[in-house]
Amino acid sequence: MSALLTVEDLRITFPTRQGPSEVVRGVSFTLGRERLGIVGESGSGKSQTGRALLGLTPPPGTATAKRLEFDGIDLRSASPKQWRALRGGRMSMVMQDPKFSLNPVMTIGRQIMEALAFHGRSSRAEKKARAMAMLEAVQIRDPERVFRAYPHELSGGMGQRAMIAMMLVTEPDLLIADEPTSALDVTVQIEVLRILDALVTDRGMGLIFISHDLRLVASFCDRVLVMYAGRVVEELKASELDRAQHPYTQGLMNCLPKIDNDTRPLPTMTRDASWAL
Amino acid sequence: MTATLSRREWLLSEQPASRRQARLGQGYRTWLALRANPLAMIGLAIVLTLVVVALLANVIAPYDPIVGGDLRTERLLPPSGTHLMGTDEQARDIFSRLVHGSRITLMVVALVAVIATPIGLLVGTTAGYFGGWVDTVLMRITDIFLAFPRLILALAFVAALGPGIENAIIAIAITSWPPYARLARAETLTIRDTDYINAIRLQGARPVRIIWGHVVPLCLSSVIIRVTLDMAGIILTAAGLGFLGLGAQPPQPEWGAMIAGGRRFIIDQWWVVTMPGLAIFVVSLGFNFLGDGLRDVLDPKARK
Amino acid sequence: MAEALKTGGRSRALPFAWKAVKLIASVALTFLGLLFVTFLIGRVVPVDPVLSVVGDRASQTVYDRVYLELGLDKPLVQQFWIYLQKVFTGDFGESFLTKRPIMDDIIRVFPATLELATFGVILGTILGVPLGVLAAVKQGRLADQVVRVVGLIGYSAPIFWLGLLGLLVFYAKLGWVAGPGRIDISFEYDITPTTGLLLLDSAMQGKWAAFGNIFSHIILPASLLGYFSMAYISRMTRSFMLNELAQEYVIAARVKGVPEWRIIWVHALRNAAVPLVTVIALSYAGLLEGSVLTETVFAWPGLGQYLTNSLQNADMNAVLGGTLVIGAVFVGLNLLSDLLYTLLDPRVRRRT
């Protein structure tokens, strides 16, 4: 499994009134055509890591790295034209809340077709056909109606599936899922994850799954990166999570209620200042 | 007992020991933030200059603003060393007239603010606090006044009451309070159901005391920002009325009226029209700068 | 999976119509209040309205007769009712200056103001929107500062002063444009006024020399109004665009690889257009106010000049009639802007 993505010493800095603040401090990992989960709490830097991989660190933030390669292409020196070809075409991202990540004044169909418009040449009819096929692939019952619908007319789960359709219609090699189910009801989460699972497996894509939900990530991914305060504190296989070494990971695991274990009082995390160094 | 702090440290202390200290500290921090904004400081300087010039007009103006010089030799002189901004058609020194005119401008601005702001606050907070039909009626009245463009309504009032600076002030004040009422009402609505106000209510405070003592102070900062930003508009409306001959009557040196008076001579004696206009422009600009700066400092939502 | 698509389509029309009705009813109520205010202003006048009709040398019997005719003996509420009836039949009374029904006067002068304000708002929009977009995209840099300065001047400079200076520079000194007035006398009888909008009339009748003349007369005052309109529109456009460009869907579009120009002009602007249209309507309304002073400076025979002339001649009925008309148009434009907002935003359309 050759590396699809190589990241070495990624650092993301934001200028603040009190001086520059490093929100990601030296993150390194490689990714093949597998599923990698990045787990962390708010402020751990996981979302920013995801954005940096697409070159979308919001200004005035800056991202630097010793190595940042996608399929042999050095992303650090990619031109805007190269980025436009990569983004959407070979690398894509599913975002958290379809209420906000879909353009409210454009129909779903138009938005999906737009993804195709800038990657490869095809006629309007072909684009429509592919969009409709994608909507069916994400198990939308009435794709014609959804195609003509506006985002606010869809429920959360449907909107997220539309978003997945939009981001996968160009058949990218790498998908970054930034909290894709966090805005959904629990019952809907499972459906959406199942769809994502099937699509990723069928197309042999690499997946980076960013979440705060350790259990979700553990069940979905092959490997897990645990982030805390901008650093990766632990990297391990999902199957080996119960043998975690770092106290933060252990703390996270302990916090998960177990059905056959009556631990009272419920354990809480005691943070050690040394973890943030 | 306590270590002696410098005054600055005392003001910026994170743990104020008394309400007075907290309030003063808050004010000081606001001042520091404002001071960091160069445009706001320019605006403040302009406004202060206006006040000073108005107060010391008699001292600053070199000539009499009403009585002109020699009508044969001193009419319509261009700007020079003796007459900084030239003379008008009645041989009066324009600079002196501008200086004295600043009194009129200041008076208009101050009186309109003093009249319109309490009315707006009262109407807005009452409507917001009581809700129901009180709210509907008061807001309907506010909407009616908002339905007229400001200058037009002021024109109609002055037409009815007769020209003159007092009537102009009343007319402008009448047309100025609606936006403040709207604003105060919006603020009141957000505060009305907070636990803070509920607690006071539980203590048995009567509505008047709640509104006056608690709601109004919370609305005050946004209303102040709005009023300051409005000042420029008020000055322009007053100047417009003056231009149409409806404000201060001649020979009063009202800036708008001065422009109207100099209109005939604009082609060859451009300074008669240009100077008063510049004064209006600069003062309005000053209030706008100051208002923008205050808004950036006091209203974090508007930070962009 | 039992997820349903929320209802859309046909059922959109009915809630919208209902909301429109509610809006119009609310506006009608406000308009009623407007009428009451003008009515009251008319009664506040220190000038005896009877005297302004009969003159001060009329005999007592004539005075009494006119007093009764004007209905001044009746109670206030009844007088208001009479006033209402008259207004709705378009009877504002007679201008004692022109000795003609005020309604006729207003119909005669209104097109001039309409033409000027329309031209102004078109200029303001064509220049203001791109400028605002530019300022938002290049936030903090030179273009942004320029837009801020332009806006500040627009909010601080007296319009009549700029108008006079404009005449001085562009007419008197440079001779680039024609002077005050709508049209030179030599061309005045070339055109038969049909709509009253001279640019339109001359173009429709193919009188191009006259068209050129009219254009050179209107360009300066329209640019003046256009400047103020542009200051407001560009500032609001900038604000709305900044808001949109910070949204998640913009990032999603970038993720898709959509080029930046398309993100700005197709994605963000289309969303900003919703509140922007209401801003343009409001700017139009604001230009009515600006036209009063502008028309005085440029001797433009429109409603604004009519108003100020009547004012200076203490023709109260004409002043009130003019005020009412301007107030009505103002209210109408505000209503239009509310309706447009409802119409354009697919989310709002649905929610009702």
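Above: the structure in question.
Residues numbered from 1 in each chain as written. Chains lettered and ligands numbered in written order. Predicted model: local features only at pLDDT ≥ 70, side-chain atom pairs only at ≥ 80, totals over all residues.

All right, on to the overall build of chain C then. For chain C, the helix and strand inventory stands at 15 helices and 0 strands. Counting every position in chain C, which comprises 352 residues, the buried fraction comes to 42%. Contacts spanning at least 24 positions in sequence make up 72% of the contacts within chain C whose residues lie at least 6 apart. (Helix = DSSP H or I, 4+ residues; strand = E, 2+ residues; numbered from the N terminus. Buried ≥ 20, exposed ≤ 12 C-beta atoms within 10 Å, placed from the backbone. Contact = placed C-beta atoms within 7 Å.)

This part is about the overall build of chain B. Across its full length, chain B carries 12 helices and 0 strands. Residue burial in chain B is summarised as follows: out of 304 residues, 45% are buried. Partitioning the intrachain contacts of chain B with sequence separation of at least 6 by distance along the chain shows that 68% fall at a separation of at least 24.

Residues and elements named next belong to chain B. The contact between helix 10 (residues 207–243) and helix 11 (residues 255–262) brings their axes to 6 Å, and the two run at 40°. It follows that helix 10 is oblique to helix 11 by the angle criterion. Crossing geometry of helix 10 relative to helix 11 is assigned as right-handed. Here Ala238, Ala239, Gly240, Leu241, Gly242 and Phe243 of helix 10 lie close against helix 11, whose contacting residues are Trp255, Gly256, Ala257, Ile259 and Ala260. Of the residues belonging to the contact of helix 10 with helix 11, the class tally is 8 nonpolar, 3 polar and no charged. (Axes fitted to C-alpha atoms, helices over the stretch in contact; angles between N-to-C directions. Parallel < 35°, antiparallel > 145°, perpendicular 65-115°, else oblique. Left-handed = near helix turned anticlockwise from the far one by under 90°. Nonpolar A, V, L, I, M, F, W, Y, C, P; charged D, E, K, R; others polar.)

Once that is clear, we can look at the environment of B:Val108. All names here are of chain B. Mapped onto the elements, Val108 comes out in helix 5 (residues 94–130). The class of Val108 is buried, set by 26 C-beta atoms lying within 10 Å. Along the backbone, Val108 and Arg226 are 118 residues apart, and their C-alpha atoms lie at a distance of 17 Å. In this structure, Val108 is in contact with Ile169, Ile234 and Ala238, ignoring residues within four places of it in sequence.

At the junction of the two partners, chain B supplies 37 residues and chain C supplies 39 residues. Among the elements of the structure, helix 6 (132–146), helix 7 (150–161), helix 10 and helix 12 (271–298) of chain B are those that each provide at least two residues to the side of chain B that touches chain C. Per-element accounting of the side of chain B that touches chain C gives the leading share, 9 residues, to helix 7 of chain B. Tallied by class, the residues present in the side of chain B that touches chain C amount to 25 nonpolar, 7 polar and 5 charged.

By contact count, the leading pair among the 2 pairs of chains in contact is chains B and C. At their nearest point, the C-alpha atoms of chain A and chain B are still 13 Å apart, with no contact between the two.

The next point concerns the interface of chain C and chain A. Counting residues at the interface gives 22 residues for chain C and 33 residues for chain A. For the side of chain C that touches chain A, the secondary-structure elements that each account for two or more residues are helix 11 (248–256), helix 12 (260–298) and helix 15 (346–351) of chain C. A per-element tally of the side of chain C that touches chain A places helix 11 of chain C first, with 7 residues.

Attention now goes to unusual backbone geometry. A cis amide bond links A:Pro59 to the next residue, A:Pro60, at an omega of 10°. In this structure, A:Pro60 sits in the loop between helix 1 (46–53) and strand 4 (62–64). B:Pro250 connects to B:Pro251 through a cis peptide bond whose omega is 10°. Position of B:Pro251 relative to the elements: it lies in the loop between helix 10 and helix 11. Backbone geometry places A:Gln139, a non-glycine residue, at a positive phi of 60°. Non-glycine residue B:Ala91 carries a positive phi angle of around 60°. Residue position: B:Ala91 is located in the loop between helix 4 (57–60) and helix 5.

The side chains of a regular strand alternate, residue by residue, between the two faces of the sheet. Residue and element names in this part refer to chain A. Pairing analysis gives 10 bridges linking strand 1 (residues 5–16) to strand 2 (residues 19–31), with the strands arranged antiparallel. In the sheet register, Thr16 faces strand 2, and the bridge partner there is Gly19. Here 4 bridges tie strand 1 to strand 5 (residues 67–70), and the two strands are oriented antiparallel to one another. The partner of Thr6 across the bridge, within strand 5, is Glu69. Note: strand 1 against strand 4, 3 bridges, orientation antiparallel. Note that in strand 4 the partner of Thr13 across the bridge is Thr62. (Pairing = 2+ DSSP bridges.)

Okay, the sheet that holds strand 8 (residues 174–178) of chain A next. Residues and elements named next belong to chain A. Spatial ordering of the open sheet is given by 7-8-9-3-10-11, a layout of 6 strands whose pairing is mixed. Each edge of the open sheet carries a strand with a single partner, namely strand 7 (91–94) and strand 11 (231–237). Neighbour-to-neighbour, the strand axes of this sheet turn through a mean angle of 20°, independent of strand direction. Bridge count between strand 8 and strand 9 (residues 206–211): 5 bridges; the pairing is parallel. Within strand 9, the residue paired with Ile176 across the bridge is Ile208.

The subject of this paragraph is the nonpolar core. One finds A:Ala165 and B:Ile235 to be the most contacted residues of the largest nonpolar core, which totals 244 residues. Broken down by element, the residue count for this core peaks at 18 residues, all from helix 10 (residues 208–245) of chain C. In this structure, this core is formed jointly by two domains, domain 1 (1–90 + 174–195 + 205–277) and domain 2 (99–169) of chain A, each of which donates at least three residues. Excluding its chain neighbours within four sequence positions, the residues that come into contact with B:Ile235 are B:Thr105, B:Val109, B:Ile280, B:Val283 and B:Ser284. (Core = buried A, V, L, I, M, F, W, Y, C linked by C-beta atoms within 7 Å. Domains from an automatic or database assignment.)

Quick look at the pairing of strand 7 of chain A now. All names here are of chain A. Residues of strand 7 alternate between two faces, with Met91 and Met93 on one and Ser92 and Val94 on the opposite face, all of them buried. Bridge analysis of strand 7 against strand 8 gives 4 bridges, and the strand direction is parallel. Within the sheet, the bridge partner assigned to Ser92 lies in strand 8 and is Leu175.

Residues and elements named next belong to chain C. Across the interface, helix 10 lies against helix 12 with an axial gap of 8 Å and an inter-helix angle of 155°. Looking at the two axes, helix 10 sits roughly antiparallel to helix 12. For the pair helix 10 and helix 12, the sense of crossing is right-handed. Grouping the constituent residues of the contact of helix 10 with helix 12 by class yields 19 nonpolar, 8 polar and 1 charged.

A few words now on helix 11 of chain B. Because each turn of an α-helix spans 3.6 residues, side chains separated by three or four positions end up pointing in the same direction. Counting buried positions over the 8 residues of helix 11 of chain B gives 8, a clear majority of the element. Buried-residue contacts for helix 11 of chain B involve helix 5, helix 10 and helix 12 of chain B together with helix 7 (159–173) of chain C.

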